[in-house]
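Next come the chains, spelled out residue by residue.
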Amino acid sequence: MKYIKPLILFSFLSGLLGFAALVGIYFYIKPDLPSVTVLKDVRLQTPMQIYTKDGKLISQYGVKRRIPVKLEEVPQELIDAILATEDSRFYEHHGIDPIGIMRAAVSLVLTGEKRQGASTLTMQLARGFFLSREKTYIRKIKEIFIALHMEQELSKQEILELYLNKIELGHRAFGFGAAAQVYYGKPLNELSLAQIATIAGLPKAPSVLNPISGPQRSVERRRVVLLRMLDEEYITKAQFDEAANAPVTAKKHGAEIEVDAPYLADTIYNEMVEIYGKEEAETGGYQVFATATSDLQLAAQRAVVRNLHDYDERHGYKGALGYLWDIPKQEGKDDVIPQLSLSFDVSNKTTREEWDDESLIRVLEEIPHIKPLLPSVVTKVNEQSIDVLAVDGRTITVEWDGLDWARRYITDFRQGSDPKTASDVTQEGAVIYIRQQEGQWRISQIPEVSGAFIALNPKNGAVEAVVGGYSFYQSQFNRATQAKRQVGSNIKPFVYSAALDSGYTLASIINDAPINQWNAATGVAWRPQNSPAEYDGPIRMRKALGKSKNVVSVRLLRGVGLRETADYLTRFGFNKDDIPLDETVSLGSSSHTPLEVVRGMSVIANGGYLVNPHFISKVLDENGDELWKANPVWACNRCENQSDPEILPEDEEADIEALLAAELNQDILLGDINGDDEITEKVIAPQVITAQNAFLVAEMMRTAVRANGNWSKKTYWLGTGWRARNILQRTDIAGKTGTTNDSRDTWFSGFHKDLVATAWVGFDNMGRQLGRSTRNQNLINKDPEKFNWIGNALIGIEDGAKAAEPAWIRFMQHALENKPHTPMPIPENIVRVRIDRTSGKLTRRTDHTTLFEYFLQGTEPTTYVRDDEVLDPATQDKTTAPEPEEIF
């Protein structure tokens, strides 16, 4: 009894001292303790996600991968696994677990090591938000106090939900929603019990216990989790046995990309970084929706890739990437045997027998894998086919239709003889690329040529598709938005618009004759030439644009004035600093990006309004609430009166057929290629040219994409872009080819009233010419009548019509597939009269020497052609060339 009082007194004093020490420690560290009230409105660092307009994920940007989930969305098995493993008394304690703390203290006394941390879920969450992982006593004390505060401010459900979304789980996955995606490529509700137990075991040591970095340790940790679930009676013994013995199925997954459109995603990402800054853009959880739909974006990508391969194939096969056996010998000093750059030595394997499939695939895995190309090795060469082993382990046969194009590349201007057998193309042991085209495998290679494509809604500037090159993974340079290249004849519609504005008409006669202009300062004569160097003498302006007559463009510039033309070009959005103040500007010597060109073309397509290209339609926050929505300026043709479309018989050059459907499309303001947007008050774009001017230029451009006239009457001629009309079989399209000197840059720009697009093809090396291709009879025999329309069998000098236009055609084939023929309505003050096709004067005749033409009211001809002035092409035998005009 005599010891009881002292013992009670000692216990009381010890408790009092302990409490005082605890209070002292609290007040000592209180200034360093964060306010946990911020967790009520916590904003988790969530990556930015970019979607197409129709809601398909294009890309995700951010170091931390996080997919926030609501507690009600989390499978109960996962909650059970976490609680059983990390904090079985979670719903019983108030932030700290005294039993766990005592257990950790005993372990520390017995072993002298801090093996057990005794951290509850609340304490782990406190550490994750406010502290580091360092094992110090002061950090643990802070963790306890913060946890106690959190339990006062937040409910258990709120704490659990924050934990599920905050905790680090390895491979940059934060939260269990992200872990399910990273390790299994699935949402949480699709995981098996074994997979749930695997990710539930990660919080202890995510870097070493994850199933990718440490699969064996992951299995051991999974068993611990399952045992705890069994002890807590969350699962049965049968479930335990099945899950514990399940194989490891984890592998690293990225975000669930639904549409691979990296050039579009990168453009939008850069815009978001410019607006918000890199850190905020990548962690703010923004959901950004593009203006482009998945359908048109993918169509543009397919068109560009196919077009570049077509160009590449008609210029010849450059051979294998390297050889694994039967390595060919160098026959001449100029022969170069390609060598594979591998991380391991294969020189000791010189025969097929020394290579098994596993070793071959190991080699192929080191070859750059650029879609749609598949690294492969030739295992057998037959008479007119080859067998290959692909990097994915498949054995594939490439038939003759996939080999017959592959004559030898010599230069950009020369190709070897047509192959007759598969051995003319390749040999066994060759490492090659193959790809699929229209369901057929073919030998292939990475095109050295580059391309770009961009499409806009001409009514509001929304970008419908953008492709910056063959492959973003090969080159991240976006040629559609960044590459300024000489535009060649793509400038001519704008020069012709300036001429119309200065009083010219579609029937104005200009002399298509050579020009020799002496420059006294340099002692050199400037001699602009047509391409090809053919001259027609006096020619109407419509026909001159359709045939892309260079000297006519120069004469029109002279008629308007150099400075006046340069100033006029800025109306279409071109930067004045990019426009040279010399006559070469009329031939496209200025350099612009495809984005700038397509914006200019949209002015002609939409009736004269300068719209602003934009890539983003709306931005949502991490909760899905709308933060911003595009409010672009709109072309507003309904603000003007327009006459009803006429129904006229098809005529050679005033081809206004099928205009009845246009009555349904007079309201150019509303709707777009993918359906009407929600109608809101719209800001009207500045009108930079009149609707009448735009209509007349578009009419000339319609001439440029078709065959015109009558062969038997000798009035037949082809617009430079004739392939568009022949292939698309549409009358409501317009366009213009463009080719620079020596075919270094090739262009095609064109439009339907709802969609305008520009295609460019050239080499990144601006000094390299696109060259020419000769006949490959293997390819011609497949379609003797139409081989020169589109594809890899085209022959001759590369130009805008052969190199760039096919991409535009393939895109429009898809984009316009289900759209009715709907020509643009005719603006008011446009009249249509019959004229003489040679002189451009009025005529009373109705035969093949005449045609109907459009004019701005008041500019139509006033005099009639005399009978002795009428030239009948059917009776003419043109034997003399126009005389050159010499200017000294």
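Residues numbered from 1 in each chain as written. Predicted model: local features only at pLDDT ≥ 70, side-chain atom pairs only at ≥ 80, totals over all residues. Heavy atoms only, no water.

## Let's talk about the overall build of the protein
Each helix and strand in the protein was counted, giving 24 helices and 33 strands. Taken over 888 residues, the protein has a buried fraction of 53%. For the protein, the proportion of contacts with a sequence separation of at least 24, taken over those separated by at least 6, is 70%. A total of about 40,100 Å² of accessible surface is found on the protein, and carbon and sulfur atoms cover 51% of it. (Helix = DSSP H or I, 4+ residues; strand = E, 2+ residues; numbered from the N terminus. Buried < 20%, exposed > 50% of the residue type's maximum accessible area, 1.4 Å probe, protein only. Contact = heavy atoms within 4.5 Å. Areas by Shrake-Rupley, 256 points an atom, 1.4 Å probe, with all protein chains shown as cover.)

## Focus: the pattern of salt bridges
Under the definition given, this model contains 42 salt bridges. Between K484 and D578 there is a salt bridge whose closest N-O contact spans 2.7 Å. Placement of the pair is K484 in the loop between strand 13 (463-467) and strand 14 (485-486) and D578 in the loop between helix 19 (562-569) and strand 19 (591-592), with a sequence separation of 94 residues. Connected through salt bridges with shared partners, the residues R306, D310, E438 and R810 form a single ionic network. (Salt bridge = Lys/Arg side-chain N within 4 Å of Asp/Glu carboxyl O.)

## Concerning helix 8 (residues 193-200)
Taken across its eight residues, helix 8 has eight buried, putting it largely inside the fold. For helix 8, every residue scored as buried is listed here: L193, A194, Q195, I196, A197, T198, I199 and A200. Check the buried side of helix 8 and you find it contacts helix 2 (76-86), helix 7 (176-184), helix 10 (215-231) and helix 11 (237-244).

## Here we look at the packing of helix 16 (residues 492-501) against helix 19
Remark: helix 16 packs on helix 19, axes separated minimally by 10 Å, with the N-to-C direction vectors making an angle of 115°. With respect to each other, helix 16 and helix 19 are oriented roughly perpendicular. As for the relative orientation of helix 16 and helix 19, their crossing is right-handed in sense. Packed against helix 16, whose contacting residues are F494, V495, S497, A498 and D501, the element helix 19 presents T565, Y568 and L569 at the interface. (Axes fitted to C-alpha atoms, helices over the stretch in contact; angles between N-to-C directions. Parallel < 35°, antiparallel > 145°, perpendicular 65-115°, else oblique. Left-handed = near helix turned anticlockwise from the far one by under 90°.)

## Examining the pairing of strand 10 (residues 430-437)
Strand 10 sits mainly inside the fold: seven of its eight residues count as buried. Bridge count for strand 4 (residues 322-323) against strand 10 is two bridges, and the pairing is antiparallel. Along strand 10, the bridge assignment pairs G322 with V431. As judged from the four bridges shared by strand 5 (residues 374-381) and strand 10, these two strands associate in the antiparallel manner. The partner of S376 across the bridge, within strand 10, is I432. Bridging between strand 10 and strand 11 (residues 440-444) involves five bridges; their strand directions are antiparallel. The partner of Q436 across the bridge, within strand 11, is W441. Two successive antiparallel strands, strand 10 and strand 11, enclose a turn made up of two residues, where E438 displays a positive phi of approximately 55°. (Pairing = 2+ DSSP bridges.)

## Quick notes on unusual backbone geometry
Note that the residue after K371, namely P372, is joined by a cis bond; omega there is 5°. Mapped onto the elements of the fold, P372 is located in the loop between helix 15 (357-364) and strand 5. S531 connects to P532 through a cis peptide bond whose omega is 0°. Secondary-structure assignment places P532 in the loop between strand 17 (524-526) and strand 18 (537-540). Notably, D326 is not glycine yet its phi reads approximately 50°, a positive angle. Here D326 lies in the loop between strand 4 and helix 15. Of note in the backbone geometry, Q729 takes a positive phi value of approximately 55° without being a glycine. Take Q729: it is sitting in the loop between helix 22 (722-728) and strand 26 (734-739).

## Looking at the confidence of the model for the protein
Averaged over the protein, the pLDDT score is 86; the fraction of residues at 70 or greater is 84%. Every residue in residues 884-888 scores below 50 in pLDDT, and together they form 13 contacts with partners more than four places removed in sequence or on other chains. (pLDDT = per-residue confidence, 0-100.)

## Overview of the packing of aromatic side chains
According to the stated counting rule, one finds 17 aromatic pairs in the structure shown. On the numbers, 4.9 Å between centres and 75° between planes, the contact of F90 with Y91 is edge-to-face. Of the residues examined, F90 reaches a relative accessible area of 1% and is grouped as buried. By way of ring pairs, the aromatic residues F494, Y568, F572 and F574 are connected into one cluster. Its guanidinium or amino end placed over the ring of W634, K682 lies 4.7 Å from that ring's centre, counting from NZ or CZ. (Phe/Tyr/Trp six-rings, centres within 6.5 Å; stacked < 30°, edge-to-face > 60°. Lys NZ or Arg CZ within 6 Å of the ring centre and 35° of its normal.)

## Considerations on the sheet that holds strand 21 (residues 626-629)
If you trace the five strands from one edge of the open sheet to the other, you get 2-1-3-20-21, paired in mixed fashion. Since the sheet does not close on itself, it has two edges, and those belong to strand 2 (57-61) and strand 21, each with one partner. The mean angle between the axes of side-by-side strands here comes to 20°, regardless of whether they run parallel or antiparallel. The pairing of strand 20 (residues 616-620) with strand 21 spans three bridges and is classified as antiparallel. Bridging from a neighbouring strand, K618 pairs with K629 of strand 21. Helix 12 (residues 262-276) rests against strand 1 (48-51), strand 2, strand 3 (287-290) and strand 20 of the sheet, and its axis sits at about 45° to strand 2.

## Quick look at the sheet that holds strand 12 (residues 450-456)
The strand order across the open sheet built from five strands is 13-12-28-27-26, with neighbouring strands paired in antiparallel fashion. The open sheet has two edge strands with one neighbour each: strand 13 and strand 26. The sheet shows a mean angle of 10° between the axes of neighbouring strands, direction not considered. When strand 27 (residues 745-752) meets strand 28 (residues 755-762), the two strands line up antiparallel, connected through eight bridges. Each residue of the ladder has a partner; that of H752, found in strand 28, is L755.

## Quick look at the side chain of H848
Here H848 lies in the loop between strand 31 (830-836) and strand 32 (850-856). In terms of polar contacts, H848 uses its side chain to reach the side chain of D872, at 2.7 Å. Those residues in contact with H848 that lie beyond four places of it in its chain are K713, T715, R837, D872, P873 and A874. (Polar contact = N/O pair within 3.5 Å; in protein donor to acceptor, adjacent residues only side chain to side chain.)

## Things to note about the environment of L191
Assignment of secondary structure puts L191 in the loop between helix 7 and helix 8. Linking L191 and P75, residues 116 residues apart in sequence, is a C-alpha distance of 9.0 Å. Apart from residues lying up to four places away in sequence, L191 is in contact with A180, Y184, K186, I196 and I199.

## Here we look at a nonpolar patch on the surface
A cluster of nonpolar side chains, contributed by I275, Y276, L627 and W628, occupies part of the molecular surface with about 400 Å² of accessible area. Within the secondary structure, I275 is located in helix 12. When its relative accessible area of 58% is taken as the criterion, I275 is described as exposed. (Patch = residues over 30% accessible without salt bridge, like charges linked within 9 Å, V, L, I, M, F, W, Y side chains within 5 Å.)

## Topic: the packing of helix 20 (residues 594-606) against helix 21 (residues 691-703)
The geometry of helix 20 relative to helix 21 is characterised by a closest axis approach of 7 Å and an angle of 105° between their N-to-C directions. The angle between helix 20 and helix 21 falls in the class roughly perpendicular. Contact with helix 20, carried on its side by M601, V603 and I604, involves A694, V697, A698 and M701 of helix 21 and no other residues of that element. Here the contact of helix 20 with helix 21 is composed, by residue class, of seven nonpolar, no polar and no charged. (Nonpolar A, V, L, I, M, F, W, Y, C, P; charged D, E, K, R; others polar.)

## Structural notes on helix 6 (residues 156-166)
Of all eleven residues making up helix 6, eight are buried, and the element is well covered by its neighbours. Regarding helix 6, the residues found buried are K156, I159, L160, L162, Y163, L164, N165 and K166.

## Structural notes on the environment of G429
Inspection of the secondary structure assignment puts G429 in the loop between strand 9 (414-415) and strand 10. Look at G429 and you get buried, because its relative accessible area is 0%. Spatially, the C-alpha atoms of G429 and I327 are 7.6 Å apart, while their sequence positions differ by 102 residues.

## Brief notes about the environment of T350
Tracing the sequence through the fold places T350 in the loop between strand 4 and helix 15. Distance from T350 to L324, taken between C-alpha atoms, is 6.8 Å for residues 26 residues apart in sequence. Setting aside anything within four residues of it in sequence, one finds T350 in contact with L324, W325 and D326.

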